[in-house]
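Structure assessment
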Amino acid sequence: MSSLNDYIKFTLDVEDKNIIFSDYSNENINGKIYKIYLAELIQPTCPYCRSTNLKHNGHYVSNVRFITADASKPVTIRLRKQRVLCNDCLKRSMAQSNLVNKGSYISNTSKRKILSALTEDRSMTSIAREHNVSVNTVQRVLEACSSKFYDDFDHLPEHLAFDEFKGVGKKLHFICLDGDTHKVVQILRTRFKPDILRYFYKFTPKARAMVKTVTMDLNCYYPLVARKLFPNAQIVIDRFHMVQMLTRSFNIFRVQIMKQFNKRSREYKLLKSPWKLYLMKYDKLNKTTPYYDWHFKDCLTQEHVVLDGLDCDQTLENTYWVMQDFMTAIQDNDEKKVIHLLHSKQSVGKQMHQTLLTFKHNYSGVLNGISSTYSNGCLEGVNRKIKQIERTAYGYRNFSHLLIRLEENIVKEKESSNFFFVA
């Protein structure tokens, strides 16, 4: 019996000395084969007075779900827990073990494995199917390990990044990141100004004064929030969003000019089919090797196609070169060139004019974005991972479940093996 007990404990990796295995077998339950291990959990001492003078008072049988390598044959430990009566303090108790929490039928080993699976890009349904538990059990495991992203209200990172992402009910949620460590500071249910202010006002004035930079996109009220919350912080407009606004403005104006020409005309074809060439940096265009284009029935280089298209309209050409000069200045961190472009009097498209006015309205933030080494690149990467998690789960209806799942995936990937479940 002792050798069988040791063998089963070694196989299942059970270390509790108070659990004694006696046998194992295969049983057919509702048409499914289960591997059943029979075990007894003994009570050596009274949990109240530590007395060994105990009187046995029956057993409580608990069918504990355990981990398995083969999901087609679930493993169950039929655990007979001793009930005892202490002859010294006259209190009744039942044997307990760290194998399973009191009142639970899912082993802590299974919960740890489920938690480890939750740090991967997988749906809860597939995790539940693999571990032979219900989806609700997986959700309860997720909720049991919940904690807030950042709960130290006496300290804030020196460099923050603001953005939003689409989540529950297609609503936009606010997300804040540490610009140095790329760790998530907090995710809020909405991106509205009152909610952001309410959260950051929980931090002490000293903690908010520690913030040196806040990186953001060109959201209209993010700069107002940053100035109100962080008195010593510089606003940094993300370079990617600046380039994005420039290319979108040019693209909208290009389409407007294109629609002024007949669809069979050469001008229309020059502005329509090679639209990607206009968004490339001019220096990267092929200027030497011509290729035959069936749209134009001619051999042209990429540079030739772009220049011919710009000849269709002078304002379009001015808009194109403003976009190109601005992108070059951003790449070269040339603040003087950016200042010159912002104050340029050239005739450009309406959308590009609005974009330049937006840059002027956020003048200091734009210049800080040109010179600063910080950007929202790390935050865009996190948002990409969030989108993938939501896509795998076919979306979330519960914001709390989304928040916990994101925390487990983004923050606790390296901590899942050290997690311990408490009764």
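Higher on the page you've got the structure.
To start, this report covers the structure provided alongside it. Small disclaimer: the values here were computed from a predicted structure and weren't measured.

**Looking at the overall build of the protein**
When helices and strands are tallied, the protein shows 17 helices and 12 strands. Expected size for 423 residues packed as a compact globule is a radius of gyration near 22 Å; at 32 Å, the protein overshoots this value by more than 25%. Considering only C-alpha atoms, the protein reaches an extent of 100 × 55 × 35 Å along its principal axes. Evaluated residue by residue, the protein yields a buried proportion of 47% over its 423 residues. The contacts of the protein with a sequence gap of at least 6 include a subset with a gap of at least 24, amounting to 60%. When the accessible surface of the protein is totalled, it reaches about 22,700 Å², and 51% of it is carbon and sulfur. In the protein, 63 positive and 43 negative side-chain charges are present, and the distance between their average locations comes to 7 Å.

**Some details on the pattern of salt bridges**
Enumeration according to the criterion identifies 5 salt bridges in this entry. When the shortest N-O distance is used, the salt bridge between Arg78 and Glu27 registers 3.3 Å. Here Glu27 lies in strand β1 (residues 19–29) and Arg78 lies in strand β4 (residues 75–86), a separation of 51 residues in the sequence. Its relative accessible area of 24% is what places Arg78 among the partly exposed residues. The class of Glu27 is partly exposed, set by a relative accessible area of 25%.

**So, the packing of helix α3 (residues 124–131) against helix α4 (residues 135–144)**
Where α3 meets α4, the closest approach of the two axes is 8 Å, and the angle between their N-to-C directions is 105 degrees. One way to sum up the angle between α3 and α4 is to call them roughly perpendicular. Between α3 and α4, the residues in contact are Met124, Thr125, Ile127 and Ala128 and Val135, Val138, Gln139 and Leu142, respectively. Of the residues assigned to the contact of α3 with α4, the class counts are 6 nonpolar, 2 polar and no charged.

**Concerning the sheet that holds strand β9 (residues 213–216)**
Read across the open sheet, the 5 strands follow the order β8-β7-β6-β9-β10; overall the sheet is mixed. Only two strands of the sheet have a single partner each, and these edge strands are β8 (184–188) and β10 (234–237). Sheet twist, expressed as the mean angle between neighbouring strand axes with direction ignored, is 20 degrees. Here 4 bridges tie β9 to β10, and the two strands are oriented parallel to one another. Within β10, the residue paired with Met216 across the bridge is Ile237.

**Looking at the pairing of strand β6 (residues 159–166)**
Of all 8 residues making up β6, 7 are buried, and the element is well covered by its neighbours. When β6 meets β9, the two strands line up parallel, connected through 3 bridges. Paired with His159 across the strands is Thr213, a residue of β9. Sheet analysis places β6 next to strand β7 (residues 172–178), joined by 7 bridges and oriented antiparallel. Each residue of the ladder has a partner; that of Lys166, found in β7, is Leu172. The loop that links β6 with its antiparallel partner β7 comprises 5 residues; one of these, Gly169, has a positive phi angle of about 65 degrees.

**Observations regarding the packing of helix α13 (residues 335–342) against helix α15 (residues 363–371)**
Pairs of packed helices are described in terms of their axes, by the angle between the two and the distance that separates them. Remark: α13 packs on α15, axes separated minimally by 10 Å, with the N-to-C direction vectors making an angle of 150 degrees. Taken as a pair, α13 and α15 cross one another with a handedness that is right-handed. Between α13 and α15, the residues in contact are Glu335, Val338, Ile339 and Leu342 and Tyr363, Val366, Leu367, Ile370 and Ser371, respectively. Each residue belonging to the contact of α13 with α15 can be placed in one class, and the counts come to 7 nonpolar, 1 polar and 1 charged.

**Focus on the state of the cysteines**
Applying the stated criterion to the full structure yields 0 disulfides. The thiol of Cys220 is unpaired, and the distance to the nearest cysteine sulfur, on Cys176, comes to 18 Å. For the unlinked cysteine Cys299, the closest cysteine sulfur is that of Cys312, found at 20 Å.

Cut-off values and rules
- Residues numbered from 1 in each chain as written.
- Predicted model: local features only at pLDDT ≥ 70, side-chain atom pairs only at ≥ 80, totals over all residues.
- Heavy atoms only, no water.
- Helix = DSSP H or I, 4+ residues; strand = E, 2+ residues; numbered from the N terminus.
- Rg over C-alpha atoms; globule rule 2.2 N^0.38 Å.
- Buried < 20%, exposed > 50% of the residue type's maximum accessible area, 1.4 Å probe, protein only.
- Contact = heavy atoms within 4.5 Å.
- Areas by Shrake-Rupley, 256 points an atom, 1.4 Å probe, with all protein chains shown as cover.
- Lys, Arg positive; Asp, Glu negative; His and termini not counted.
- Charge placed at Lys NZ, Arg CZ, Asp CG, Glu CD.
- Salt bridge = Lys/Arg side-chain N within 4 Å of Asp/Glu carboxyl O.
- Axes fitted to C-alpha atoms, helices over the stretch in contact; angles between N-to-C directions.
- Parallel < 35°, antiparallel > 145°, perpendicular 65-115°, else oblique.
- Nonpolar A, V, L, I, M, F, W, Y, C, P; charged D, E, K, R; others polar.
- Pairing = 2+ DSSP bridges.
- Left-handed = near helix turned anticlockwise from the far one by under 90°.
- Disulfide = S-S within 2.5 Å.

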